[in-house]
Amino acid sequence: NFIVITGDDWNTIMYNTMRKIGGVAAAYFILLIIIGRYAILSMLTAIVFEEVERDSIAVVKQGVRTTMLAVFKFERALMNAHYRFFFYKWYAYIHARKQESAGASKQSGVLGQVTLAAPPPPPKSRWRKFMDD
């Protein structure tokens, strides 16, 4: 039957069968060829669609991985920029404090001394002076 469905010298087999059985064999072979080839075509189509679906799922997964990696890299770069910005602000603040203390120490005659004393209280506002009096 498989030889007939594939079409490999099927007519010789059909004529030999027709000689032994009669003309009914022709109808059998024609139906066998039509139904068999339809079944094989359906199986091949299913296999191709399954492979295409598997490949498309792999392509979608790869796209998602690539997108997630890009988002992760962007977030990491954004966080690095954020940290860098605040580090520079902190460094500028510390540098300014050192400059202030160096300026104060030059006035007092001591160079490079950093004190841990609390800063002096801010001057009183007019409202606070009024309320204290």
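Residues numbered from 1 in each chain as written. Predicted model: local features only at pLDDT ≥ 70, side-chain atom pairs only at ≥ 80, totals over all residues. Heavy atoms only, no water.

**Concerning the overall build of the chain**
Of the regular secondary structure elements, the chain holds 4 helices and 0 strands. Ordered by position from the N terminus, the helices and strands of the chain form the series α-α-α-α. Counting every position in the chain, which comprises 133 residues, the buried fraction comes to 8%. Expressed as a percentage of contacts within the chain between residues at least 6 apart in sequence, the contacts between residues at least 24 apart total 40%. Counting only carbon and sulfur atoms, one obtains 68% of the accessible surface of the chain, whose full area is about 12,000 Å². (Helix = DSSP H or I, 4+ residues; strand = E, 2+ residues; numbered from the N terminus. Buried < 20%, exposed > 50% of the residue type's maximum accessible area, 1.4 Å probe, protein only. Contact = heavy atoms within 4.5 Å. Areas by Shrake-Rupley, 256 points an atom, 1.4 Å probe, with all protein chains shown as cover.)

**Considerations on the packing of aromatic side chains**
Under the counting rule described, the total for this entry stands at 5 aromatic pairs. Here the aromatic rings of F85 and F86 are separated by 5.1 Å at their centres, their planes lie at 75 degrees, and the arrangement is edge-to-face. Look at F86 and you get partly exposed, because its relative accessible area is 41%. Centre to centre, the rings of W127 and F130 are 6.0 Å apart; their planes meet at 35 degrees, and the pair counts as tilted. Here F130 and W127 lie together in helix α4 (residues 126-132), a separation of 3 residues that amounts to about one turn. (Phe/Tyr/Trp six-rings, centres within 6.5 Å; stacked < 30°, edge-to-face > 60°.)

**Brief notes about the confidence of the model for the chain**
On average, residues of the chain score 79 in pLDDT, and 87% of them reach the 70 mark or higher. Within the chain, no element has a lower average pLDDT than helix α1 (residues 2-6), which sits at 75, and none a higher one than helix α2 (residues 10-20), at 86. (pLDDT = per-residue confidence, 0-100.)

**A few points about a nonpolar patch on the surface**
Taken together, the side chains of I30, L31, I34 and I35 present a nonpolar region at the surface, about 410 Å² in accessible area. Mapped onto the secondary structure, I30 falls in helix α3 (residues 24-108). (Patch = residues over 30% accessible without salt bridge, like charges linked within 9 Å, V, L, I, M, F, W, Y side chains within 5 Å. Salt bridge = Lys/Arg side-chain N within 4 Å of Asp/Glu carboxyl O.)

**Here we look at the nonpolar core**
Within the largest apolar cluster, 7 residues are counted, these being V4, I5, M14, A25, F29, L32 and I33. Top element by residues in this core is α3. It accounts for 4 residues. (Core = buried A, V, L, I, M, F, W, Y, C linked by side-chain atoms within 4.5 Å.)

**Considerations on the environment of T17**
Structurally, T17 can be placed in helix α2. In this structure, the C-alpha to C-alpha distance between T17 and F29, residues 12 residues apart in sequence, is 9.5 Å. In contact with T17, other than residues within four places in its own chain, are G22, A25 and F29.

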